Amino acid sequence: MKIVAAKKILKANDQLAEENRAKLNAAGVFCINVVGSPGAGKTTLLEALFDGLDGRLRPAVIEGDIAGSIDAERIEKLGVPVVQINTQGACHLDAVTIAAAADGLDYAEIDVLVIENIGNLVCTAGFDLGEHLRMVVLSVPEGDDKAAKYPAIFQGSDVLIITKTDLLPHTNFDADRITADMKRLAPRAEVFQVAAMRGDGVPSLADWLVGKCKTR
Ligand code: MG
Ligand code: ZN
């Protein structure tokens, strides 16, 4: 009985995710679901990426956090429209929550909507939010074995961003190993290396995002 209920919830989520995607498509908004562990550098990556866009796209953000609005305040400082979701304990976002949060945004004013999911490499993998692309963020200090240990989140992602690459000389992180694991799990995925606080790798990532939005 419990298994049936869980399946029903996922089915309802998938249906609502399709509705979310249809609304985004109708408005011409490209949507990215950003997943990764707490502390992977997701918000710092977004700050650098938006700066790197140099006005070529109009971004907006939905920030998912268990509590507080620390990240949303950082995004707001950039002049980027942002809606904060507080899940009050829930460890992932779902399509229902995104549908509600999207009511707070004007899609006519947005080219790319970035959803920063709850920091979590496990159950965020199971919930389609209605995005067009899922980006998984992994920082160098987390280790190069994470795709092997948490395959689902990597397998379902379209792009891997390796962050904090300025720390590579201080660790035994093997970027070739995680890249090979990612390519095995998601052969068509693209892989970028970024040191967001220094700006390394940000221009090519920003150019890639502009290309993605213009060619869809
Ligand atoms: Mg964050
Ligand atoms: Zn969860």
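Just so it is clear, the model here is predicted, and its values are computed rather than measured. (Residues numbered from 1 in each chain as written. Chains lettered and ligands numbered in written order. Predicted model: local features only at pLDDT ≥ 70, side-chain atom pairs only at ≥ 80, totals over all residues. Heavy atoms only, no water.)

**Some remarks on the coordination of the magnesium ion (ligand 1)**
Within the protein, the magnesium ion (ligand 1) binds to Thr43 (OG1), Asp71 (OD) and Glu116 (OE); these donor distances fall in the range 2.1 Å. Summarised as a motif, the one-chain spacing of the donors to the magnesium ion (ligand 1) is T-x27-D-x44-E. One end of the pair, threonine 43, is in helix α2 (residues 42-53); the other, glutamate 116, is in strand β4 (residues 112-116), with 73 residues separating them in the sequence. The pair threonine 43 / glutamate 116 is uniform in exposure class, with both members buried. (Donors = N, O, S within 2.8 Å, 3.2 Å for Na, K, Ca; no water. Helix = DSSP H or I, 4+ residues; strand = E, 2+ residues; numbered from the N terminus. Buried < 20%, exposed > 50% of the residue type's maximum accessible area, 1.4 Å probe, protein only.)

**So, the coordination of the zinc ion (ligand 2)**
Only Cys91 (SG), His92 (ND1) and Cys123 (SG) from the protein reach the zinc ion (ligand 2) as donors, at distances of 1.9 to 2.2 Å. Sequence positions of the donors to the zinc ion (ligand 2) reduce to the motif C-H-x30-C. Highlighted residues: cysteine 91 in the loop between β3 (82-86) and α4 (95-102) and cysteine 123 in the loop between β4 and β5 (133-139), separated in sequence by 32 residues. Judged by relative accessible area, cysteine 91 falls into the partly exposed class, the value being 33%. Of the residues examined, cysteine 123 reaches a relative accessible area of 23% and is grouped as partly exposed.

**Some points on unusual backbone geometry**
Most peptide bonds are trans, and most residues other than glycine sit at a negative phi. With a phi close to 55°, aspartate 54 is a non-glycine residue in the positive phi region. Position of aspartate 54 among the secondary structure elements: in the loop between α2 and β2 (59-65). Positioned with a positive phi, glutamine 88 is a non-glycine residue whose angle comes to about 50°. Residue placement: glutamine 88 occurs in the loop between β3 and α4.

**Describing the sheet that holds β4**
Taken in spatial order, the seven strands line up as β3-β2-β4-β1-β5-β6-β7 in an open sheet, and their pairing is parallel. Of all strands in the sheet, those with a lone pairing partner are β3 and β7 (190-193), marking the two edges. In this sheet, adjacent strand axes meet at a mean angle of 20° when their direction is disregarded. For β2 and β3, the ladder comprises five bridges, and the chain directions are parallel. From the neighbouring strand, glycine 64 faces β3, where its bridge partner is isoleucine 85. Taken strand by strand, α2 contacts β1 (30-36), β2, β4, β5 and β6 (159-163), and its axis lies near 165° from that of β4. Relative to β6, helix α7 (residues 175-185) is tilted by about 165°, and along the sheet it contacts β5, β6 and β7. (Pairing = 2+ DSSP bridges. Axes fitted to C-alpha atoms, helices over the stretch in contact; angles between N-to-C directions. Contact = heavy atoms within 4.5 Å.)

**Here's the deal with helix α3 (residues 70-77)**
Where α3 is concerned, the buried positions are Asp71, Ala72 and Ile75. Looking straight down α3, one finds its buried side chains confined to an arc of 100°; they lie on one side. Set apart from the buried face of α3 by more than 90 degrees, the exposed residues are Ile70, Glu76 and Lys77. Two residues or fewer after α3 comes glycine 79, characterised by a positive phi angle close to 80°. (Arc of directions from axis to C-beta.)

**So, the packing of α2 against α3**
Look at α2 against α3: their axes get within 10 Å of each other, and the N-to-C directions meet at 10°. Overall, the two elements α2 and α3 adopt an arrangement that is roughly parallel. Contacts between α2 and α3 involve Thr43, Thr44, Leu46, Glu47 and Phe50 from the first element and Asp71, Arg74 and Ile75 from the second. Partitioning the contact of α2 with α3 into residue classes produces three nonpolar, two polar and three charged. (Parallel < 35°, antiparallel > 145°, perpendicular 65-115°, else oblique. Nonpolar A, V, L, I, M, F, W, Y, C, P; charged D, E, K, R; others polar.)

**A closer look at the pattern of salt bridges**
Scanning the model with the defined rule gives 10 salt bridges in all. Aspartate 111 serves as the salt-bridge partner of arginine 58, at 3.1 Å between the closest nitrogen and oxygen. Of the two residues, arginine 58 sits in the loop between α2 and β2 while aspartate 111 sits in the loop between α4 and β4, which places them 53 residues apart along the sequence. Given a relative accessible area of 22%, aspartate 111 falls into the partly exposed group. (Salt bridge = Lys/Arg side-chain N within 4 Å of Asp/Glu carboxyl O.)

Just distances and angles here, no functional claims.
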